[in-house]
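Secondary and tertiary structure notes
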Amino acid sequence: MVKEFHHMTGFLIRRLQQIALSVFEQKLLENNLDVTPAQCAVLHAIQLYPGVDQSTLAGIVAYDRATTGGIIRRLCEKGYAVQQPSPVNHRSKVLEITPAGEQLLDNLLAVVEDVNTNLLAGLSEREANQFRKLLLKVTETSNHLSRAPLVIPPELSS
């Protein structure tokens, strides 16, 4: 019975998330990077989608708007991103990454690559590719079940 519990899909996904966060946070400490995994995701999205507004960004990173707002505030306070009035909708603000944010992200992406390599070290290259494909498929087909689904507007998905 215990063995069956430890082989359940949800348990394994949660454990892998725990492991991934632990390894990532340790690598951040080792590299003196003062950022959280969530801040890393938001900063990367701001770089990929310059001029994105907070609401759209929340969908891109699959966080709720309130959480995304707090992350953005902290990134701006640290000087990694800036908010500016939208040229299209004056009630909205758009986001841009700063040069300091670009430098941080360069360092972070190297850490992310290292973490990915460590997490998949027990798999062959073929198995790792297959694992990522299957993980993506499961995540995409279950996206609608999330309280904060991933939403990339069609105009940004090209």
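Structural notes, computed from the coordinates. All values reported here derive from a predicted model rather than from experimental measurement.

Tallying each qualifying case throughout the model produces four salt bridges. The partner of Lys 27 in a salt bridge is Asp 114, with the nearest N and O atoms 3.0 Å apart. One end of the pair, Lys 27, is in helix 2 (residues 9–30); the other, Asp 114, is in helix 6 (residues 99–119), and 87 residues separate them in sequence. For Lys 27, a relative accessible area of 17% corresponds to the buried category. The partner of Glu 77 in a salt bridge is Arg 73, and the shortest N-O contact between them spans 3.1 Å. Taken together, the residues span about one helical turn, with Glu 77 and Arg 73 both in helix 5 (residues 65–77) at a distance of four residues. Judged by relative accessible area, which is 57%, Glu 77 ranks as exposed. In the salt-bridge network here, residues are joined through shared partners; they are Lys 27, Glu 30 and Asp 114.

Turning next to the environment of Phe 131. By secondary structure assignment, the location of Phe 131 is in helix 7 (residues 125–142). Spatially, the C-alpha atom of Phe 131 lies 29 Å from that of Leu 104, the residues being 27 residues apart in sequence. Beyond its immediate chain neighbours, meaning those up to four positions away, Phe 131 contacts Leu 16, Leu 120 and Leu 123.

Attention shifts here to helix 2. The terminal C-alpha atoms of helix 2 lie 32 Å apart, and with 22 residues this matches the ideal 32 Å at 1.5 Å per residue to within 8%. Buried residues of helix 2: Phe 11, Ala 20, Phe 24, Lys 27 and Leu 28, and no others. Immediately beyond the C-terminal end of helix 2, within one or two residues, lies Asn 32, with a positive phi of roughly 50°.

One non-glycine residue with positive phi stands out, namely Asn 32, at about 50°. With respect to the helices, strands and loops of the structure, Asn 32 is situated in the loop between helix 2 and helix 3 (37–48). Here Asn 32 falls in the exposed class, since its relative accessible area comes to 71%. Residue Ala 62 is not a glycine yet carries a positive backbone phi of 60°. Here Ala 62 is to be found in the loop between helix 4 (54–61) and helix 5.

Turning our attention to the side chain of Gln 39. Examined against the element boundaries, Gln 39 turns out to sit in helix 3. Using a relative accessible area of 3% as the deciding quantity, one classes Gln 39 as buried. Residues in contact with Gln 39, not counting those within four places in the same chain, are Asp 34, Ile 71, Arg 74, Leu 75 and Lys 78.

Parameters at a glance
Residues numbered from 1 in each chain as written. Predicted model: local features only at pLDDT ≥ 70, side-chain atom pairs only at ≥ 80, totals over all residues. Heavy atoms only, no water. Salt bridge = Lys/Arg side-chain N within 4 Å of Asp/Glu carboxyl O. Helix = DSSP H or I, 4+ residues; strand = E, 2+ residues; numbered from the N terminus. Buried < 20%, exposed > 50% of the residue type's maximum accessible area, 1.4 Å probe, protein only. Contact = heavy atoms within 4.5 Å. Expected span 1.5 Å × (residues − 1).

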